[in-house]
Structures are given as C-alpha cells and as structure tokens.
Amino acid sequence: QNDDFQWTSYLQETDSVCAPSECFRQSEIPPSNDFKVGMKLEARDPRNISSVCVATIIGVTGARLRLRLDGSDNKNDFWRLVDSKDIQPIGTCEKQGDLLQPPLGYQMNTSSWPMFLIRTLSGCEMAPATFFKKEPPVPPLNYFKVGMKLEAIDKKNPYLICPATIGDVKGDEIYITFDGWGGVFDYWCKYYCRDIFPVGWCRLTGDVLQPPGTHVPITKNIAKTQSSTSKETEPIKKNIAKTQSSSSKETQPITKNIAKTQSTSSKETQPI
Ligand code: MLY
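Only a predicted model underlies this, so the values are computations on that prediction, with no experimental measurement involved.

Student: How should the layout of surface pockets be read in this particular structure?
Tutor: Rolling a probe over the atoms, with the probe sized like a water molecule, indicates the empty space that remains. Of the volumes computed, that of the largest pocket is approximately 670 Å³. Surrounding the largest pocket, 24 residues form its lining, Arg80, Asp86, Lys155, Arg194 and Asp195 being those nearest its centre. For the lining of the largest pocket, the secondary structure elements donating two or more residues are β4 (78–81) and β9 (187–190). At 4 residues, the largest contribution of residues to the lining of the largest pocket is made by β4. Within the lining of the largest pocket, the residues separate by chemical class into 10 nonpolar, 1 polar and 13 charged.

What follows is the structure, encoded as structure tokens:
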C-alpha cells in the first residue's frame, strides 16, 4: 500500500521536517480499529450537532469509520476516528435520559420515527463498548511551525488523507495547505483539530495516504523560502521523487516521533 509515495525521500527532496507528534491531538500509538461493517452505534449528526442519532458502519479505513445515519440517504456519509467523542455505544443516550433523534433530512414522516427506531435497532449488531477509545487530550500549546509536514484530511473530500504543509500559524489556528494542489483545498483549523495527523499515521493505521497533487510544482521548505528574499522555490519533478522512493522498501523510521511509536509497541497494542 502507498508504494508510490514515500515520506522519507519526499522530506529529503523538499528539505522539510515533520510536525512532531506532540503537536497533535492524536494518540502517539494509533488506536486499534476493531469495528466491523454493519455494526450500529450512536453518533452526533454532523449536520445538526445537537442531535445524537443511530448510525451504521458502512466502511472501516485505518483508525476511521465510514458512518451513515439510519433514516438518512447515502449522500451524507461521514468519517470518524474510533477515538472520536462524536461516537458512543448504542444505549448511551438512553442511560443519560436522552432520546435518539431522527437525522437531519430524515426521509419519512417524523411521526414514523419512534417505530423506525424500534425496527432499526431490533436484532441489530451493536458495536461493543470496548471498541470505543477515549479521545486524546488537547496539547497544552500550539507547537506547529510554518513549513512542517503532516497528513491531513481534505475537508472537501473527507475520505482522503493527503500530504500537507503548515502554511501559517495564528494563535491557536493553523493553515493546512495540500502539497501540489495550488491552494484550492487549503483551510484554517484549530491546532487540536482531529482531522490532522503526524507523518506516518496512514502507514501505521493502514489507512490510504494520497500522493501529493500534480497541479502545481512542489516547493521546497517554505519556512526557508520565506526567511530569504530570493526566490529559491525550485520545483521538484514528481517523477524523480517517485523513482527514488520506489527503489527500496523503507525500513528506517521517518522521524523521531514515528521511531518512538514503532519502538514502543506493535500496531495491535491497545491504548488505554
Ligand atoms: N476529484 C477531486 C479530488 C480532489 C482531491 C484533492 N485533495 C486530495 C486535496 C478533484 O480533482 O477535484
């Protein structure tokens, strides 16, 4: 998997560094994903965040779940990490004295909801409580610096995780820029956003990492470029990077944070 893109050679080619794991609101050892397609759980409705709804797992990718709200259409699927606070076992709502809500865009008459709920839950396979992991804490400070590399979800195509660069830092906000895509997909987010990951995340979780875009030339370390007055944004020919990266299976750790992760435990280890 990801045979056509390797961070190690890419970081060398771009003369850049990865954002250390301390920057992220992610477990240093990614959580295991034990969920199975078809299982049901409770999920916050992304289009109406005050509602908790029933969701079915439509797909499993890396440490993420592809979810569809029961009673909704197939055009509004969303993805959540197994340690997201937006998901919980079936029964959690009831225990708290709350009611499960129909999703925004519930396709039938609202009066049919109570019966729909009974039917959708009857005999369903409920995701066991042990599969849900605790959300990691917010890092105490915004440690991101302009030019650092990371893996980030493309919010316009949220199933995609892509190589990205910190383009700007302002207070507790960071600007995520997608390598090779010319700015169209870039966005601001909080430094503790759950949609961004350290370099190596996809390799560790088994999720798919997209290759950089080919729409604009990849530039070298933007921190360096910004600090000097001269234009030294030498474009990197993508095919060169490809040729180099495909020549060998990489066994060497990419960065300090990944090295740490790899040496402490295997992928199967469950965080607390
Ligand atoms: N079909 C879309 C996909 C773009 C994805 C861009 N991400 C990876 C930054 C398009 O080509 O517009």
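Additional details are given in the paragraphs that follow.
Student: What should I look at first to understand the sheet that holds strand β6 (residues 149–154) in this one?
Tutor: Each strand in a sheet pairs with another by means of backbone hydrogen bonds, the pair being arranged parallel or else antiparallel. Read from one edge of the open sheet, 5 strands run β9-β8-β7-β6-β10, paired in antiparallel fashion. With one partner strand each, in any of the chains shown, β9 and β10 (196–197) form the two edges of the open sheet. Two strands pair when backbone bridges link them, and β6 and strand β7 (residues 157–170) are joined in this way by 6 bridges, in the antiparallel orientation. Along β7, the bridge assignment pairs Ile153 with Ile161. Those strands touched by helix α1 (residues 7–14) are β6 and β7, and its axis lies near 115° from that of β6.

Student: Can you help me understand the site of the ligand in this one?
Tutor: In the vicinity of the ligand, the contacting residues are Asp154, Asn157, Leu160, Cys162, Trp181 and Phe185. The separation between a nitrogen atom of the ligand and a polar side-chain atom of Asp154 is 2.7 Å. Broken down by element, the residue count for the shell around the ligand peaks at 3 residues, all from β7.

Student: Can you help me understand the side chain of Gln26 in this one?
Tutor: Tracing the sequence through the fold places Gln26 in the loop between α1 and β1 (40–44). Here Ile196 takes part through its backbone oxygen, which lies 3.0 Å from a polar atom of the side chain of Gln26. Each residue touching Gln26, except ones within four places of it in the same chain, is listed here: Leu81, Pro136, Cys193, Arg194, Asp195, Ile196, Phe197, Pro198 and Trp201.

Student: Would you take a moment to explain the side chain of Thr61 for this structure?
Tutor: Along the chain, Thr61 turns up in strand β2 (residues 52–61). Looking at Thr61, its side chain comes within polar contact range of the side chain of Asp207, at 2.5 Å. In contact with Thr61, other than residues within four places in its own chain, are Trp79 and Asp207.

Student: Even after reading the chapter, I still don't get the pattern of salt bridges, so can you show me in this structure?
Tutor: Pairing is possible between side chains that carry opposite charge, provided their charged atoms lie close to one another. Overall, the coordinates contain 15 salt bridges when judged by the stated rule. As a salt-bridge pair, Asp207 and Arg64 come within 3.0 Å of each other at their nearest N and O atoms. Of this pair, Asp207 sits in the loop between α4 (201–205) and α5 (222–227) while Arg64 sits in strand β3 (residues 64–69), placing them 143 residues apart in sequence. Ionic pairing is found between Arg194 and Asp83, a salt bridge with its closest N-O pair at 2.9 Å. Remark: Asp83 occurs in the loop between β4 and β5 (87–88) and Arg194 occurs in the loop between β9 and β10; sequence separation between them is 111 residues. Neither Arg194 nor Asp83 differs from the other in exposure class; each is buried. Through salt bridges with shared partners, a single ionic network connects Arg25, Asp83, Glu135 and Arg194.

Student: Just checking my understanding: could you explain the pairing of β7 for this structure?
Tutor: Regular strands show a simple pattern: their side chains alternate between the two faces of the sheet. Counted between consecutive antiparallel strands, the loop separating β6 from β7 contains 2 residues. Sheet analysis places β7 next to strand β8 (residues 173–178), joined by 6 bridges and oriented antiparallel. Its bridge partner lying in β8, Val169 is registered against Ile174. In this antiparallel pair of consecutive strands, β7 and β8, the connection spans 2 residues, and Gly171 shows a positive phi of 60°.

Student: What is the right way to look at helix α3 (residues 113–121) in this model?
Tutor: In an α-helix, one turn spans 3.6 residues, which is why side chains three or four residues apart end up on the same side. Where α3 is concerned, the buried positions are Trp113, Leu117 and Thr120. Down the axis, α3 shows its buried residues gathered within 75° of arc, on one side only. For α3, the exposed residues lying more than 90 degrees away from the buried face are Ile118 and Arg119. Buried residues along α3 sit against β1 and β2.

Student: Explanation requested: the pairing of β3 in the structure shown.
Tutor: Sheet topology places β2 next to β3; 6 bridges connect them, and they run antiparallel. Bridging from a neighbouring strand, Gly59 pairs with Arg66 of β3. In this antiparallel pair of consecutive strands, β2 and β3, the connection spans 2 residues, and Gly62 shows a positive phi of 60°. Pairing of β3 with β4, which is carried by 4 bridges, proceeds in the antiparallel orientation.

Rules used throughout
- Residues numbered from 1 in each chain as written.
- Predicted model: local features only at pLDDT ≥ 70, side-chain atom pairs only at ≥ 80, totals over all residues.
- Heavy atoms only, no water.
- 1 Å grid on protein atoms, 1.4 Å probe; cavity = no way out; pocket = protein on both sides within 12 Å on 5 of 7 lines; lining within 4 Å.
- Points joined across faces, edges and corners; volume = space filled by probe spheres on them.
- Helix = DSSP H or I, 4+ residues; strand = E, 2+ residues; numbered from the N terminus.
- Nonpolar A, V, L, I, M, F, W, Y, C, P; charged D, E, K, R; others polar.
- Pairing = 2+ DSSP bridges.
- Contact = heavy atoms within 4.5 Å.
- Axes fitted to C-alpha atoms, helices over the stretch in contact; angles between N-to-C directions.
- Near = heavy atom within 4 Å.
- Polar contact = N/O pair within 3.5 Å; in protein donor to acceptor, adjacent residues only side chain to side chain.
- Salt bridge = Lys/Arg side-chain N within 4 Å of Asp/Glu carboxyl O.
- Buried < 20%, exposed > 50% of the residue type's maximum accessible area, 1.4 Å probe, protein only.
- Arc of directions from axis to C-beta.

All we've got here are geometric facts, nothing functional implied.
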